[in-house]
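Single-letter residue listing:
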Amino acid sequence: MTTLAAAGAICHHWDMTQTVSPHGRIIHSPDCVAEGADWLAARHDRFKVALEATGPLPLRRRSDGFSALLSSIVSQQVSVASANAIWGRLQAAGLTEDPLALAARSDDDLRACGLSRQKIRYARGVAEAGLDWQALRDLPDEAVIETLVALPGIGRWTAEIYAMFALGRADVFAPGDLALQESARLLFQMETRPKEKELRTMAEDWSPWRAVAARLLWAYYHVAKDREGIRE
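Along each chain, numbering runs from 1 in the same order as the chain's sequence is written. For this predicted model, a pLDDT threshold of at least 70 governs which residues receive local features, and a threshold of 80 or more governs which side-chain atom pairs are given and counted, while totals over whole chains, interfaces and linings are taken from all residues. Hydrogens and water are ignored here; the side-chain numbers use all heavy atoms of the structure.

Asks: How should I be thinking about helix H11 (residues 156-165) in this particular structure?
Replies: An α-helix turns once per 3.6 residues; consequently, residues spaced three or four apart project the same way. Relative accessibility thresholds used throughout: buried, under 20% of the residue-type maximum; exposed, over 50%; partly exposed, between the two (1.4 Å probe, protein chains only). Helix and strand labels come from DSSP, where a helix needs a run of H or I of at least four residues and a strand needs a run of E of at least two; each type is numbered from the N terminus. Of all ten residues that make up H11, eight are buried, and the element is covered over most of its length. Of the positions making up H11, those classed as buried are Thr158, Ala159, Glu160, Ile161, Tyr162, Ala163, Met164 and Phe165.

Okay, structure coming up:
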């Protein structure tokens, strides 16, 4: 495992050579994730247990902009296989990168790609919003989330996921995620699964690395699923 000192040196060096948000740390590389994981494991014994079970955590960064948010809409309430199939048809039609291209197509065209009537409305809402994606990178975390949830079909969970993985915000968390709630229940040996408000309060103690805590809890959730009756 990368040590805290070594990972921090690499991650800080990266920050000095890249655009850095004035509103907190940006996760650029696996070394940034490793730094956050080491910090969490040093601060909380239960996170140390989780990290020993999961091993190194994934970066999970992706490009920001229209395509990232459209992908989140496509993935809502469908299986991974279905989302991939719909995305493939949208890509083939040249509709995943340019919001103007999507906005110009008819509802029938979008329906032929697999979008439901509701998702067509959501996709058009994002395509026609005229968001300044570059400016979004420089907004504080909460301002990013507020900007996105103002769009049709974009809830707080989707906005938080975008902030974490498209913008690399290190201190954003998604307490409404059911897998995170269940993983927290298992890891912290809680009687019942914490609700969104309770988990959000718990996560305050994981700042400034809440997005890494989310990665660790998601990874631990998958480990737990493979271990029937896990109670470490």
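Asks: Quick question: what am I supposed to make of the packing of aromatic side chains here?
Replies: Geometrically, a pair of aromatic rings is defined through the distance of the ring centres and the angle of the planes. Geometry of aromatic contacts follows a simple scheme: Phe, Tyr and Trp rings, the Trp one being its six-membered ring, pair when their centres are within 6.5 Å, and the pair is stacked under 30 degrees between planes, edge-to-face over 60, tilted otherwise. The full count for this structure, using the stated rule, is six aromatic pairs. For the ring pair Trp133 and Tyr162, a centre distance of 6.2 Å and an interplane angle of 45 degrees mean the geometry is tilted. Note that Trp133 is positioned in helix H9 (residues 133-136) and Tyr162 in helix H11, a separation of 29 residues in sequence. For the pair formed by Trp133 and Tyr162, the shared burial category is buried. Ring pairing ties together the aromatic residues Phe47, Phe173, Phe188 and Trp206, which thus form one cluster.

Asks: Quick question: what am I supposed to make of unusual backbone geometry here?
Replies: Negative phi is the rule for most residues except glycine; trans is the rule for most peptide bonds. Of note, the bond from Ser207 into Pro208 is cis; its omega dihedral lies within 30 degrees of zero at 15 degrees. Relative to the assigned elements, Pro208 resides in the loop between helix H13 (196-203) and helix H14 (210-225). Even without being glycine, Gln77 reaches a positive phi, approximately 60 degrees. Of note, Gln77 is situated in the loop between helix H4 (66-75) and helix H5 (80-92). Classification of Gln77 by relative accessible area gives exposed; the value is 81%. Phi is positive for Gln189, which is not a glycine, with a value near 50 degrees. Tracing the chain through its elements places Gln189 in the loop between helix H12 (178-187) and H13. Judged by relative accessible area, which is 46%, Gln189 ranks as partly exposed.

Asks: Explain the side chain of Arg215 to me, please; I cannot follow it from the model alone.
Replies: Tracing the backbone through its elements, the reader meets Arg215 in helix H14. Counted charges follow a simple rule, with Lys and Arg positive, Asp and Glu negative, and His plus the chain ends left uncounted. Salt bridge, as used here, is a side-chain nitrogen of Lys or Arg placed within 4 Å of a carboxyl oxygen of Asp or Glu. Buried charge without a partner: Arg215 forms no salt bridge, and the closest opposite charge is Asp171, 10 Å away. Side-chain atoms alone can form a polar contact between residues adjacent in sequence; in general such a contact is a pair of N or O atoms within 3.5 Å, and within protein one must be able to donate a hydrogen while the other accepts it. Within the structure, the side chain of Arg215 is placed 3.2 Å from the backbone oxygen of Ala211, a separation counted as a polar contact.

Asks: When you look at the packing of helix H3 (residues 45-54) against H14 in this model, what are you seeing that I'm missing?
Replies: How two helices sit against one another is set out by the angle between their axes and by the gap between those axes. Direction vectors running N to C along H3 and H14 enclose 60 degrees, while the axes themselves pass 9 Å from each other. In terms of orientation, H3 and H14 fall into the oblique class. Two packed elements cross with a definite hand, and for H3 against H14 that hand is left-handed. Along the contact surface, H3 presents Phe47, Ala50, Leu51, Ala53 and Thr54, while H14 presents Ala213, Leu216, Leu217, Ala219, Tyr220 and Val223. Charged means Asp, Glu, Lys or Arg here, nonpolar means Ala, Val, Leu, Ile, Met, Phe, Trp, Tyr, Cys or Pro, and polar covers whatever is left, Gly included. Class assignment for the residues of the contact of H3 with H14 results in ten nonpolar, one polar and no charged. Comment: axis = line fitted to C-alpha atoms, over the contacting stretch for helices; angle = value between 0 and 180 degrees taken between N-to-C directions. Working rule for angles: under 35 degrees goes down as roughly parallel, over 145 as roughly antiparallel, 65 to 115 as roughly perpendicular, anything else as oblique. Left-handed describes a crossing whose near helix is turned anticlockwise from the far helix by less than a right angle; the clockwise case is right-handed. Should any heavy atoms of two residues lie within 4.5 Å, those residues are counted as being in contact.

Asks: Help me understand the pattern of salt bridges, please; the structure alone is not making it clear to me.
Replies: Proximity of charged atoms lets side chains of opposite charge pair with each other. If you walk through the whole model with that rule in mind, you get 13 salt bridges. Of the charged contacts, one joins Arg124 and Asp107 as a salt bridge, the two residues approaching to 2.9 Å between their closest N and O atoms. Residue Arg124 is located in helix H8 (residues 117-127), and its partner Asp107 is located in helix H7 (residues 107-112); the two are separated by 17 residues in the primary sequence. For Asp107, a relative accessible area of 35% translates into the label partly exposed. For Arg156, the salt bridge identified is with Glu142, shortest N-O distance 3.0 Å. Taken together, the residues span a long stretch of sequence, with Arg156 in helix H11 and Glu142 in helix H10 (residues 141-149) at a distance of 14 residues. Given the relative accessible area of 29%, Arg156 is considered partly exposed. The network of salt bridges with common partners includes Glu142, Arg156, Glu160, Glu196 and Arg200.

Keep in mind these values describe shape, not function.
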